[in-house]
Amino acid sequence: MILNTSSRTDIPAYYSDWFYNRIKAGWVLVRNPYYPSQVTRYLLDPEAIDVIVFCTKNPFPMLERISLLSAFDTFWSVTITPYESEIEPHVPPKEQVIDSFQRLSALVGSRRMSWRYDPIFITNKYSVGYHIQQFRHMADLLSGYTDQCVVSFIDLYEKTKRNFRGIHSVTEHDQIRLINAFSKTAKEHGLQIHLCCESENLVCENVDADGCLSQAVLEKSLGCRLTVPKKKTARSECSCLLGADIGAYNSCGHGCLYCYANYDKETVAKNMRLHNPLSPLLIGEVTEEDIIKPAEQKSWREGQLDFFDFLQ
């Protein structure tokens with residue numbers, strides 16, 4: 001099985017103490033975001049968990065104790081964008097995140113690292129030309145530390161429109177211009193671009209529409225084949241393995257204007273105050289009304305990939 005830590009929040013950036021406490025304990029509880037009294041219990045067992053996936057804008061807090069994860073395979077999706085503090089108020093400076101990315105890659109290997117350049121939106125400040133320039137600059141710094149990059153354009157969820165006033169979708173014309181330029185840069189830097197829930201019309205050299213955490217991406221990272229149970233995906237156009245998430249919505253402190261996982265600042269601040277690093281739940285405590293059920297967990301691993309699979 002795949003254990004996801006961060007589709008709902010950024011555990012590495014804000015809750016690394018809690019996460020390492022759960023690794024030591026060997027189990028974790030997750031509250032269902034839609035039916036709060038339903039709680040799932042996951043065993044943090046390397047025999048059942050094929051890979052722990054981390055999505056973060058700041059992996060630095062995880063680095064010092066990463067040896068505690070030595071029994072697990074991990075995959076790291078690190079978002080590095082060109083936006084400044086008026087868009088991403090509490091994300092560390094890009095230079096620091098890039099340095100952490102490089103250090104993490106040296107520890108886990110470049111195949112276990114993915115650079116996310118998303119979401120892309122266009123303003124007078126963050127123009128098409130600016131994105132092309134910044135993508136090349138970051139690719140220069142990350143070349144050799146990863147072999148892939150995930151790209152997507154902003155989705156106008158209701159939360160996003162409310163928190164990011166005046167933002168617009170990226171036109172098809174600008175999408176094509178950007179992806180064509182990114183493709184050229186990616187080829188020069190040995191990067192494969194994975195589009196995340198975008199049109200297959202954008203597919204070109206070094207650019208596919210396979211998604212950010214598809215079975216193929218994780219198989220290549222792990223060096224083995226996976227037998228994945230068929231499940232309904234969150235979005236019909238998304239083939240990524242995003243289930244079994246131990247995070248919680250409305251708990252990420254970055255405050256990014258484009259965020260889909262936070263409702264508003266007040267809700268986030270309230271939930272972060274409820275966090276206890278010693279609790280089995282990320283936010284809050286177990287109550288008498290909670291119904292706790294064990295997750296079905298088993299390994300999906302099959303045989304090893306051969307040499308030619310790695311060349312694809």
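Residues numbered from 1 in each chain as written. Predicted model: local features only at pLDDT ≥ 70, side-chain atom pairs only at ≥ 80, totals over all residues. Heavy atoms only, no water.

## A closer look at the sheet that holds strand β3 (residues 38-43)
Strand pairing in a sheet relies on backbone hydrogen bonds. The paired strands run either parallel or antiparallel. Where we set the bar: DSSP calls a pair of strands paired once it identifies at least 2 bridges connecting them. Elements are defined by DSSP. Helices are runs of H or I of four residues or more, strands are runs of E of two residues or more, and each kind is numbered from the N terminus. Working convention: axes come from line fits to C-alpha atoms, limited for helices to the stretch in contact. Angles between N-to-C directions cover 0 to 180 degrees.
With respect to topology, three strands assemble into an open sheet ordered β2-β3-β11, the strand pairing being mixed. Either end of the sheet is taken by a strand with one partner, and the two such strands are β2 (27-31) and β11 (291-294). Neighbour-to-neighbour, the strand axes of this sheet turn through a mean angle of 30 degrees, independent of strand direction. Here β2 runs beside β3; their pairing, made up of five bridges, is antiparallel. Each bridged residue has a counterpart across the sheet, and for Leu 29 the counterpart in β3 is Arg 41.

## Remarks on helix α5 (residues 128-142)
Defined as follows: Expected span of a helix, by definition, is 1.5 Å for each gap between consecutive residues, and there is one gap fewer than residues. To sort residues, take the accessible area from a 1.4 Å probe on protein chains only and compare it with the maximum for the residue type: under 20% means buried, over 50% means exposed, and anything in between is partly exposed. As used here, the arc is the angular range of directions from the helix axis to the C-beta atoms. Between two residues, a contact is recorded if the distance between any of their heavy atoms is within 4.5 Å.
The first and last C-alpha atoms of α5 sit 21 Å apart over 15 residues, in line with the 21 Å expected at 1.5 Å per residue. All buried positions along α5 are accounted for by Val 128, His 131, Gln 134, Phe 135, Met 138, Ala 139 and Leu 142. Taken end-on, α5 shows its buried residues confined to a sector of 140 degrees, consistent with a single buried face. Where α5 is buried, its residues touch α4 (94-108), β6 (113-120), β7 (148-153), α7 (172-189) and β8 (192-195). Remark: Gly 144 follows α5 within two positions and exhibits a positive phi of approximately 90 degrees.

## Notes on the environment of Gly 284
Mapped onto the elements, Gly 284 comes out in the loop between α9 (265-273) and β11. Exposure remark for Gly 284: the relative accessible area of 15% places this residue in the buried category. Taking the C-alpha atoms as reference points, Gly 284 and Met 272, separated by 12 residues in sequence, lie 9.1 Å from one another. Setting aside residues no more than four positions away along its own chain, Gly 284 makes contact with Leu 274 and Ser 279.

## Some thoughts on the side chain of Glu 88
Locating Glu 88 in the fold gives a position in the loop between β5 (74-79) and α4. Glu 88 sits in the buried class, given a relative accessible area of 3%. Once you skip the residues sitting within four places of it in the chain, Glu 88 turns out to touch Lys 57, Thr 81, Tyr 83, Lys 94, His 254, Cys 256 and Tyr 258.

## Re the packing of aromatic side chains
In plain terms, the rule: Here the aromatic set is Phe, Tyr and Trp, taking the six-membered ring for Trp, and pairing holds for ring centres within 6.5 Å; pairs whose planes are under 30 degrees apart are stacked, those over 60 apart are edge-to-face, and all others are tilted. Here, over-ring charges are defined by two tests on the NZ atom of lysine or the CZ atom of arginine: distance to the ring centre within 6 Å, and angle to the ring normal within 35 degrees.
Tallied over the full model, the rule gives 16 aromatic pairs. Their ring planes at 65 degrees and their centres at 6.1 Å tell us that Phe 19 and Tyr 20 sit as a pair that is edge-to-face. For the pair Tyr 126 and Tyr 130, a centre-to-centre distance of 5.6 Å together with 70 degrees between the ring planes defines the contact as edge-to-face. Following the ring pairs from residue to residue traces out a cluster consisting of Tyr 83, Phe 121, Tyr 126, Tyr 130, Phe 164 and Tyr 258. Between the NZ or CZ atom of Arg 22 and the centre of the ring of Trp 27, over which it lies, the distance is 4.6 Å. Residue placement shows Arg 162 over the ring face of Tyr 263; its charged tip is 4.0 Å from the ring centre.

## Details of the sheet that holds β6
Taken together, the seven strands give an open sheet; going across it, the order is β1-β4-β5-β6-β7-β8-β9, and neighbouring strands pair in parallel fashion. With partners counted over all chains shown, the strands left at the sheet margins are β1 (2-4) and β9 (207-208), one partner each. By the bridge criterion, two bridges tie β8 to β9 in an arrangement that is parallel. In the sheet register, His 194 faces β9, and the bridge partner there is Asp 208.

## Topic: the pattern of salt bridges
Using the following cut-off: A carboxyl oxygen of Asp or Glu within 4 Å of a side-chain nitrogen of Lys or Arg is what we treat as a salt bridge.
For the structure on display, the rule yields 14 salt bridges. With a closest N to O distance of 2.8 Å, Arg 65 and Asp 17 form a salt bridge. One end of the pair, Arg 65, is in the loop between α3 (60-63) and β5; the other, Asp 17, is in helix α2 (residues 16-25), and 48 residues separate them in sequence. A salt bridge links Asp 50 to Arg 301; the nearest nitrogen and oxygen atoms lie 3.4 Å apart. Taken together, the residues Asp 50 in the loop between β3 and β4 (51-56) and Arg 301 in strand β12 (residues 301-304) connect sequence positions 251 residues apart. Each member of the salt-bridge network shares a partner with another, and the members are Asp 50, Asp 73, Arg 112 and Arg 301.

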